[in-house]
Amino acid sequence: MDHAEIRFNILHYLYQKHYSNELGHKQRIDKIIEGSGLQDIHRNAIYGDVIFLLNKGLIEGKHYLGDSYPNHVKITKNGIDQVEHIIYQIGYDIKNSGSIVQVKKTQFNEILKNEGPSSKIQAAFQYIKNNPELFTSIFDKVTRAFLGK
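Everything numeric here is computed off the predicted structure, so don't read it as measured data. (Residues numbered from 1 in each chain as written. Predicted model: local features only at pLDDT ≥ 70, side-chain atom pairs only at ≥ 80, totals over all residues. Heavy atoms only, no water.)

### Some points on the packing of aromatic side chains
Here's step 1: Evaluated as defined, the whole model comprises two aromatic pairs.
Here's step 2: When the ring of Y15 is compared with that of Y19, the centres are 4.9 Å apart and the planes differ by 50 degrees; the resulting orientation is tilted.
Here's step 3: Here the guanidinium or amino end of R7 rests over the ring plane of F52, the centre of that ring lying 3.6 Å away. (Phe/Tyr/Trp six-rings, centres within 6.5 Å; stacked < 30°, edge-to-face > 60°. Lys NZ or Arg CZ within 6 Å of the ring centre and 35° of its normal.)

Written as structure tokens, this is what we have:
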């Protein structure tokens, strides 16, 4: 997993927490790692990506004395916009892709009709995770464009 994917997983996790009963609550970094499936990634890579997201204004958190990264973070309005924009851009690219079979396009377009931003984003994210062979190039292109490499 590269840095753009790690960043998206962190943002997606925080996005889901924002649209839950934990609205406004900062999340512990170790819980984010566990909840977003990043347990097998070297911690220093994750901490570096947390700092990247913090410096980009996509998350916010506080540093404690002696720590180089915040222990607790939450998504900002810019981070929410980023997650939504990535998913909608993927949907746009899928609609205009000639390489993805029509059935998969139709299934993904149905997901984008879900009510509420959180359920739509969650369903789209799960669909992408369950069908990675269809979305790898699109997901790579979009996350790199928005979250950098």
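### Looking at helix α4 (residues 77–95)
Here's step 1: Taking 1.5 Å as the rise per residue, α4 with 19 residues should run 27 Å; its terminal C-alpha atoms sit 27 Å apart, in good agreement.
Here's step 2: When α4 is considered as a whole, its buried residues turn out to be G79, I80, Q82, V83, E84, I86, I87, I90, G91, D93 and I94. (Helix = DSSP H or I, 4+ residues; strand = E, 2+ residues; numbered from the N terminus. Expected span 1.5 Å × (residues − 1). Buried < 20%, exposed > 50% of the residue type's maximum accessible area, 1.4 Å probe, protein only.)

### Focus on the nonpolar core
Here's step 1: One finds I10, L11, L14, I29, I46, I59 and F108 to be the most contacted residues of the largest nonpolar core, which totals 38 residues.
Here's step 2: Only α1 (3–18), α2 (29–35), α3 (43–55), β3 (72–75), α4, α5 (102–111), α6 (117–130) and α7 (132–147) provide two or more residues apiece to this core.
Here's step 3: Considering every element that reaches this core, the biggest residue donor is α1, with seven residues.
Here's step 4: With near-sequence residues (within four places) excluded, L14 lies in contact with Q27, I32, I59, V73, K74 and I75. (Core = buried A, V, L, I, M, F, W, Y, C linked by side-chain atoms within 4.5 Å. Contact = heavy atoms within 4.5 Å.)

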